[in-house]
Amino acid sequence: MAEQACPATSFDRKGLSGPALRTFFRIAALWNLSVEEQMTLLGLTARSTFFKWKKDTNTVLPKDTLERISYILGSYKALQLLLPDEKAADEWVRRPNAAPLFAGRSALDRMLSGQVADLFVIRQYLDAQRGGWA
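Residues numbered from 1 in each chain as written. Predicted model: local features only at pLDDT ≥ 70, side-chain atom pairs only at ≥ 80, totals over all residues. Heavy atoms only, no water.

Draft legend 1. Spotlight on the packing of helix H2 (residues 35–42) against helix H4 (residues 63–82). Closest axis-to-axis distance for the H2/H4 pair is 8 Å, and the angle between their directions is 115°. By the angle between their axes, H2 is roughly perpendicular relative to H4. Residue-level inspection shows Thr 40, Leu 41 and Leu 42 of H2 in contact with H4, the latter providing Thr 65, Arg 68, Ile 69 and Ile 72. When the residues that make up the contact of H2 with H4 are grouped by side-chain class, the tally is four nonpolar, two polar and one charged. (Axes fitted to C-alpha atoms, helices over the stretch in contact; angles between N-to-C directions. Helix = DSSP H or I, 4+ residues; strand = E, 2+ residues; numbered from the N terminus. Parallel < 35°, antiparallel > 145°, perpendicular 65-115°, else oblique. Contact = heavy atoms within 4.5 Å. Nonpolar A, V, L, I, M, F, W, Y, C, P; charged D, E, K, R; others polar.)

Take a look at the structure:
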């Protein structure tokens, strides 16, 4: 009997986890994120888990972590489109922002609240700035 294809709504966490982590760590380096900042963005509290993931990205991430990385990747991509100067795009997350959403704080400050919703809000803001969905 032939193998059935997975429904379009399901996804392969094992297949996505390694590439997602490797991409996250590249973005973290570009954004000059500390270990603590990276852990917060990933939703981790255990340093041992963080360093295990950093050493061996061939793991299966929780859905929550994949969602977090997805928002960070989307924000990174939106910044690269909005600010063609790569250095300016990478530094934007740390710059104070006068937009009402930020109240003079940086996007990174908002993202470091630890809430997935704040990662979503930043992604949504950036997509709206480039004329995407809002």
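Now that the structure has been shown, the text picks up again.
Draft legend 2. Geometry of the packing of helix H1 (residues 13–30) against H2. Running from N to C, H1 and H2 cross one another at 135°; their axes reach a closest spacing of 11 Å. For the element pair H1 / H2, the angle class is oblique. In this structure, H1 meets H2 at a crossing whose hand is right-handed. The residues of H2 that touch H1, namely those facing Phe 24, Phe 25 and Ala 28, are Gln 38, Leu 41 and Leu 42. A class-by-class count of the residues in the contact of H1 with H2 yields five nonpolar, one polar and no charged. (Left-handed = near helix turned anticlockwise from the far one by under 90°.)

Draft legend 3. Local environment of the side chain of Arg 68. Take Arg 68: it is sitting in helix H4. Those residues within four positions of Arg 68 in sequence are excluded, and the remaining contacts are Thr 40, Leu 41, Leu 42, Gly 43, Gly 114, Gln 115, Val 116 and Leu 119.

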